[in-house]
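# Tertiary structure, described
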Amino acid sequence: MLVGESVPRLEDGRLLRGFGRFVDDVDLPGQLHLHVVRSDVAHARVRAIHLEAAAAAPSVRLAVAAADLDDVPLIPLRLDFGVELDPFLQPVLATDRVRYVGEPVAAIVAEDRYAAEDAAGLVEVEYEPLDVVLDPRAAIEADAPSLWKGSGNEAAELRKSFGDVEAAFADAAHVVSAELRTGRHTGVPLETRGLTADWDPGRAELTVWGAALVTHYHRRVLSRLLGIPINRIHMRGTDAGGNFGVRGDFFPEDFLIPWLARRLGRPVKWTEDRGEHLVAINHAREQVHRIDAAFDQGARLLGLRDEIWHNKGAYIRPTGIVVSEISIGMIPWPYRVPAYEGVIHAVMTNKTPVGPYRAPGRFENTFAREQLFNIAADELGVDPVELRRANLLTCEDLPHAPGLSMGGEPFVLNSGDFTGLLERAHERAGFAAWRRESERLRRDGRLVGSGIAYFMDKSGLGVYETAEVEVGADGGARLLIGGASSGQGIETVMAQIAGDALTIPLERIDVVHGDTDLIPDGVGSWSSRSTVIGGSAVLRAAEATREQALRVAAELLEASTDDLVLADGRVHVRGSGAAGLDLGEIAAACDAASSRERGDEPGLGAREIYVDPMMNYPYGVALCQLELDPSTGAVEVWRYFVAYEAGRAVNPALLRGQIVGGAVQGLGGALFEELAYADSGQPQTTSLIDYLLPGATETPREFDCLICEDAPTPTNPLGAKGAGESGIMAVGAAVAGAVSDALGAPAAVTRLPLTPEEVRSLIERTRAEREAEEALV
């Protein structure tokens, strides 16, 4: 069996030896280079754009602004939840107004990137400054400056509810409330965005190289915006140095490079620098939650309410309001909540637009809910672990269908043992000992705390995926998938699934992705869907290939298919010593003439489309122990532990890597990373000197995880649940809980990230409050 084994990654053979081919490695003869001129003001009317000096600069071949683009439509939505968002969609280049620093205003194409960048400095834009609004709550006040003519700044208001919330709060013995805020983060993959496009004027065909995670969607959008028949657009995949969701949208540059290549008749290349990345890529996270919980006398939940202000930035990007929808839809789980009401305001401001970033909505709402529970435990005098244990859904509660929608489908929780995982996490980590140690050290005057957070994910969004298996005459297989690689090991996992069904070793399987000539359709890799949906498509295609091999072999061996066995890549009669036929020999017998006689398509293989009936909901527990330095506010994480219910782990080592990597990434959002803005709308974190990422010295002293396969999902044939976002989801919540414990004041912790400045302020404030209380006594 290959599935369930921690086999080495197939990708590593090329990547670790420096043979990977990334988008910046794509160089074509005669290529030109693009530099994007970006707005340096946050909000202004564009009175004029002067390109003459730039166009006349040495080596410059073209300088264009929006007026030169022939009325190109706004960038369309990819995920549409039936909410009218067209007025807020982004143009490829700014027209009459700029709305954030970093917005593309003009494009300069030159013989090399340095000449293009030098010429960009010659572009003069006449701006008429307008008032700036940055805070999402301030942006929807009546007197707020509007980003849009004739409309306010609230792009959408979404509501979700079930049960009688009014009665739950009226009957409550205790109501606990908090206002909690998550800062503005972004994913910072090692490789920034890039694209190379080539136009063939003779054939009127466009070829695009890039690391798009939604290749076929990009192809459809290019066809629509460029007016080119889709069959004349060829997308070529490259290796990708990370994604984390932030690279998954269709950005203005994704249109500009192909348009310029066609306009100039020469290849055009663009590679984003890190400064551009921090102002132009999707931002994420920034939300304010005003959240309330109603409890009875026994600390049982009666109801939850949450009002959220989600800062969407200046435009709605193609993923639309999916993050907002997830944010309010996932608040209650995995707890037994009889009544819930959530409302979220998707608000436009003069910041870079936002989009999905690893665990979108769940990082934020897990922090809000779990920190509220920490505050509730303190106010009610209940142990925080016991409060969670008492309110978790039980196996008897499943399937749980409260009448809520999620991602456009009914929310149904149909597998899980939430209390069981909590107990296993508590025991495996030795969390009780962590807490005793923290209490003892606090008595000695040290600020040591332990925190817990329960989280639930969703996976399988995107409905369907495609896969094709082709077996060659040499007995090897080629696997064509609609997903894409972002460094997560997709080639290995898909090969394991196919290899098991075909009983051939991994080294005999080639995995191909990102090439639209070979793979006519696909939904891509995002939202923890690659294994869940893409893997199920691969399984179906491999099983269909296996059935065909047995059927053809039965004819050749003059035996019944019921008597045949496929093992080690060979088909033989069960119990017979005969050699049988290997898959290569069977493939050779599937030539065009023979296949026609059988009524088959030529070749040994199958193409399948797997349609997922509904999403599934993995879950986990995060535990954290840390110490605060009162002199500097620094936070040292001693221990971090994650228990995760994966349903079925195809490759446990890769799953562990996802969890560990996600947890370290989450520490950045919990403790360091924040995209700060001045009151003028100028970004203050435009390099990695200012946007602080966790390094090796910031990782936990001890890290462990427990991967469980106790609750496979019944919604897909693998039983697998998504895992790409598992490690990051509860980091903010667990760290906040541990800091609260160290301070002895849960209500004091109300925002992320908990930077050294914030932590030092909290220490000083809680000490002052404690001294004031003691003085009164």
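Relevant structure appears above.
Each chain has its residues counted from 1, following the order in which its sequence is written. Whole-chain, interface and lining totals are the exception, using all residues; otherwise, since this is a predicted model, local features are given only for residues with pLDDT of at least 70 and side-chain atom pairs are given and counted only at 80 or more. With hydrogens and water excluded, all non-hydrogen atoms of the structure serve as input to the side-chain values.

## Some remarks on the overall build of the protein
Inclusion rule: Secondary structure elements are defined from DSSP: runs of H or I of at least 4 residues count as helices, runs of E of at least 2 residues count as strands, and each element is numbered from the N terminus. All radius of gyration figures rest on C-alpha atoms, and the globule criterion is 2.2 Å times the number of residues raised to 0.38. Burial here depends on accessible area, computed with a 1.4 Å probe over protein chains only, as a share of the maximum for the residue type. Under 20% is buried, over 50% is exposed, and the range in between is partly exposed. Working rule for contacts: check all heavy atoms of both residues, and any pair within 4.5 Å makes them a contact.
In terms of regular secondary structure, the protein is built from 20 helices and 29 strands. Against the compact-globule benchmark of 28 Å for 777 residues, the protein has a radius of gyration of 28 Å, which places it among compact chains. Counting only C-alpha atoms, the protein reaches 95 × 75 × 50 Å along its principal axes. Residues counted as buried form 60% of the 777 residues belonging to the protein. The contacts of the protein with a sequence gap of at least 6 include a subset with a gap of at least 24, amounting to 81%.

## Quick notes on the pattern of salt bridges
Keep this limit in mind: In what follows, salt bridge is the name for a side-chain nitrogen of Lys or Arg lying within 4 Å of a carboxyl oxygen of Asp or Glu.
Within the structure shown, the criterion is met by 52 salt bridges. The partner of D521 in a salt bridge is R220, with the nearest N and O atoms 3.9 Å apart. Placement of the pair is D521 in the loop between β21 (509-513) and α15 (530-557) and R220 in helix α6 (residues 215-226), with a sequence separation of 301 residues. With a closest N to O distance of 2.7 Å, D457 and R362 form a salt bridge. Linking D457 in the loop between β18 (447-456) and β19 (464-471) with R362 in helix α10 (residues 362-380), this pair joins segments that are 95 residues apart in sequence. Note on D457: relative accessible area 0%, which makes it buried.

## A closer look at the side chain of H35
With respect to the element layout, H35 can be found in strand β1 (residues 32-38). In contact with H35, other than residues within four places in its own chain, are A106, A107, I108, A116, E117 and A120.

## Digging into empty space enclosed by the protein
Rolled over the atoms, a probe sized like a water molecule indicates the empty space that remains. How we decide: Site definitions follow a grid-based scheme: protein atoms alone, a 1 Å grid, a 1.4 Å probe that fits but cannot get out for cavities, and for pockets an open set with protein on both sides within 12 Å along at least five of seven lines, plus lining residues having an atom within 4 Å of a point. Grid points are joined across faces, edges and corners, and a volume is the space filled by probe spheres set on the points. Following the grouping adopted for this structure description, the nonpolar residues are Ala, Val, Leu, Ile, Met, Phe, Trp, Tyr, Cys and Pro, the charged ones are Asp, Glu, Lys and Arg, and the polar ones are all others, Gly among them.
Scanning all chains against the criterion turns up 5 cavities of 30 Å³ or more. The volume enclosed by the largest cavity comes to roughly 180 Å³. Together, 19 residues line the largest cavity, and G194, L195, A211, A212 and D254 are the ones closest to its centre. For the lining of the largest cavity, the residue count by class is 8 nonpolar, 6 polar and 5 charged.

## Focus on a nonpolar patch on the surface
Basically, it comes down to this: To count toward a patch, a residue needs a relative accessible area above 30% and no salt bridge. Like charges then connect within 9 Å, nonpolar side chains (Val, Leu, Ile, Met, Phe, Trp, Tyr) within 5 Å. Computed by Shrake-Rupley with a 1.4 Å probe, the accessible areas treat only the displayed protein chains as cover when residues are assessed.
On the surface, V463, I609 and V611 cluster together into a nonpolar patch covering about 280 Å² of accessible area. Topologically, V463 is positioned in the loop between β18 and β19.

## Comments concerning helix α11 (residues 384-391)
The line we're drawing: Directions pointing from the helix axis toward each C-beta atom define the arc. Any pair of nitrogen or oxygen atoms within 3.5 Å is treated as a polar contact; in protein, a donor-acceptor pairing is required on top of that, and neighbouring residues in sequence qualify only through side-chain atoms on both sides.
Taken together, the buried positions of α11 are V385, L387, R388 and N391. Along the long axis of α11, the arc covered by the buried residues comes to 165 degrees, so they all point the same way. On its buried side, α11 packs onto β13 (287-295), β14 (301-313), α10, α12 (418-429), α13 (431-443) and β18. You can read the cap of α11 off the contacts: a side-chain oxygen lies 2.9 Å from the backbone nitrogen of V385, and it is on D383.

## Focus: the environment of A498
Examined against the element boundaries, A498 turns out to sit in helix α14 (residues 490-502). On the accessibility criterion, A498 (3% relative accessible area) is buried. Distance from A498 to Q297, taken between C-alpha atoms, is 54 Å for residues 201 residues apart in sequence. Beyond its immediate stretch of four places on either side in the chain, A498 contacts L479, I509, V538 and A542.

## Quick look at the side chain of E191
Mapping E191 onto the fold places it in the loop between β8 (174-182) and β9 (194-200). For E191, the side chain forms a polar contact with the main-chain nitrogen of V23, separated by 3.5 Å. Of the polar contacts made by the side chain of E191, one reaches the backbone nitrogen of G241; its length is 2.8 Å. Not counting chain neighbours up to four residues away, the residues in contact with E191 comprise F22, V23, D239, A240, G241 and R247.

## Here's the deal with the sheet that holds β18
Think of a sheet as strands paired side by side through backbone hydrogen bonds, with each pair either parallel or antiparallel. Quick reminder of the rule: Two strands qualify as a pair provided DSSP detects at least 2 bridges between them. An axis is simply a line fitted to the C-alpha atoms; with a helix, the fit covers only the stretch in contact. Between two such axes, the angle follows the N-to-C directions and lies from 0 to 180 degrees.
Read from one edge of the open sheet, 4 strands run β18-β26-β27-β28, paired in mixed fashion. Either end of the sheet is taken by a strand with one partner, and the two such strands are β18 and β28 (702-708). Going across the sheet, the axis of each strand differs from the next one's by a mean of 10 degrees, ignoring polarity. Here strand β27 (residues 635-645) pairs with β28 via 7 bridges, running parallel. From the neighbouring strand, Y644 faces β28, where its bridge partner is I707.

## Here we look at the nonpolar core
The test is simple: Buried Ala, Val, Leu, Ile, Met, Phe, Trp, Tyr and Cys residues form a nonpolar core when they are joined through side-chain atoms within 4.5 Å.
Among the nonpolar cores identified, the biggest contains 165 residues, and L260, L628, V735 and L754 are the most heavily contacted of them. The contact partners of L628, leaving out residues within four places of it in the chain, are L447, A634, V635, V739, A742, L743, V759 and I763. Among the nonpolar cores identified, the runner-up in size contains 48 residues, and L479, I497, A553 and L654 belong to it.

## Some details on helix α7 (residues 252-264)
Rule in force here: The span one expects for a helix is its residue count, reduced by one, times 1.5 Å.
For α7, with 13 residues, the first-to-last C-alpha span of 18 Å sits near the 18 Å given by 1.5 Å per residue. Burial analysis of α7 places 10 of its 13 residues in the buried class, the great majority of the element. All buried positions along α7 are accounted for by P252, E253, D254, F255, L256, I257, P258, W259, L260 and A261.

## Comments concerning the sheet that holds strand β2 (residues 44-50)
Judged by pairing direction, the sheet is antiparallel, and its 3 strands sit side by side in the order β4-β2-β6 without closing on themselves. Every interior strand has two partners, whereas the edge strands, β4 (97-98) and β6 (124-129), have only one. Here β2 runs beside β6; their pairing, made up of 6 bridges, is antiparallel. Within the sheet, the bridge partner assigned to V46 lies in β6 and is Y127.

## A closer look at unusual backbone geometry
Residues apart from glycine generally show negative phi values, whereas peptide bonds are mostly found in trans. Cis rather than trans, the peptide bond between L398 and P399 has omega equal to 0 degrees. As for its placement among the helices and strands, P399 is situated in the loop between α11 and β16 (405-406). Although it is not a glycine, A204 adopts a positive phi angle of roughly 55 degrees. Unusually for a residue other than glycine, R285 sits at a positive phi of about 80 degrees.

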